[in-house]
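So you can see what is in the structure, the chains are spelled out below.
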Amino acid sequence: MSDLTSRTALVTGASRGIGQAIAARLAAKGAVVIVHFGTDEDGATSTVEEIERNGGTALAVGAELGVDDDVETLFAGVEAGLAGRPLDILVNNAAAAPAGPLGATTRKEFDHLFAVNVRAPYFIIQRALGTRPRRRHRRARPADRAPSFQR
């Protein structure tokens, strides 16, 4: 991964696990990182503190995905944190796992899974593209062609 100084990044679900590792790696490469969390504010605070201890810049933004106004809530925090700078990098990492076996999933549980895992990322991408300055050519980079996070 190249130098990301002067770049901004939003990592959803960055309060723990893979999202936390991605946020730390982006910050280590120089990006200003927005650490999204749904309910784990302590985890997000810990992620931000770790990034700052290692010389990076980060801030936490809370927004529960899969509910009404989720993307609006998320981007209100993102835009406040970026203070007019565009969002350069988006990592849609947040996800909800099934509560139980497939045969026991209710329609309400399925609707929640779909809202968090499909609807929210779709509209987060849509909103993130709206924060970017217009360019003649703009192309999303599929994950299988994205730079790897090798150590």
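Above this text sits the structure in question.
Each value, and the rule that gives it
Residues numbered from 1 in each chain as written. Predicted model: local features only at pLDDT ≥ 70, side-chain atom pairs only at ≥ 80, totals over all residues. Heavy atoms only, no water. Helix = DSSP H or I, 4+ residues; strand = E, 2+ residues; numbered from the N terminus. Buried < 20%, exposed > 50% of the residue type's maximum accessible area, 1.4 Å probe, protein only. Contact = heavy atoms within 4.5 Å. Expected span 1.5 Å × (residues − 1). Arc of directions from axis to C-beta. Pairing = 2+ DSSP bridges. Right-handed = clockwise from strand over helix to strand, strands pointing away. Salt bridge = Lys/Arg side-chain N within 4 Å of Asp/Glu carboxyl O. Phe/Tyr/Trp six-rings, centres within 6.5 Å; stacked < 30°, edge-to-face > 60°. Axes fitted to C-alpha atoms, helices over the stretch in contact; angles between N-to-C directions.

**So, the side chain of threonine 8**
- Counting through the fold element by element, threonine 8 comes out in strand S1 (residues 8-11).
- By relative accessible area, threonine 8 is classed as buried at 2%.
- Here threonine 8 is in contact with Val32, Leu82, Arg85, Pro86, Leu87, Asp88 and Ile89, once residues within four sequence places are set aside.

**Remarks on helix H2 (residues 41-53)**
- An ideal rise of 1.5 Å per residue puts 18 Å on 13 residues; H2 measures up with 18 Å between its terminal C-alpha atoms.
- Turning to H2, its buried residues number three or more, namely Gly43, Ala44, Thr47, Val48 and Ile51. Buried residues of H2 fall within an arc of 140° about the axis and therefore sit on the same side. Facing away from the buried side of H2 by more than 90 degrees, the exposed set consists of Asp42 and Arg53.
- Where the residues of H2 are buried, they touch helix H1 (17-28), strand S2 (32-37) and strand S3 (57-62).
- Of the residues one or two after H2, glycine 55 is the one with positive phi, at around 90°.

**Regarding the pairing of S1**
- Of the two faces of S1, the one lined by Thr8 and Leu10 and the one lined by Ala9 and Val11 are each fully buried.
- Across four bridges, S1 lies against S2 in parallel orientation. Note that in S2 the partner of threonine 8 across the bridge is valine 32.
- Crossover handedness for the path S1 to H1 to S2: right-handed.
- Strand direction decides the pairing type here: S1 and strand S4 (residues 89-91), joined by three bridges, are parallel. In the strand pairing of S4, alanine 9 is matched with isoleucine 89.

**Focus on the pattern of salt bridges**
- All chains considered together, the criterion is met by two salt bridges.
- Between aspartate 88 and arginine 7 there is a salt bridge; the shortest N-O distance is 3.7 Å. Here aspartate 88 is found in the loop between helix H3 (70-82) and S4, whereas its partner arginine 7 is found in the segment before S1, with 81 residues between them in sequence.

**A closer look at the packing of aromatic side chains**
- Evaluation of the coordinates by the stated rule reveals two aromatic pairs.
- The interplanar angle of 80° and the centroid separation of 5.0 Å between the aromatic rings of tyrosine 122 and phenylalanine 123 together place this pair among those described as edge-to-face.
- Classification of tyrosine 122 as exposed rests on a relative accessible area of 54%.

**Considering the sheet that holds S4**
- Taken in spatial order, the four strands of this open sheet run S3-S2-S1-S4, and their pairing is parallel. The outermost strands of the open sheet, each flanked by one partner alone, are S3 and S4. On average, adjacent strands in this sheet sit at an angle of 20° to one another, irrespective of strand direction.
- In the packing of H1 onto the sheet, contacts are made with S1, S2 and S4, and the angle to S1 comes to roughly 175°.

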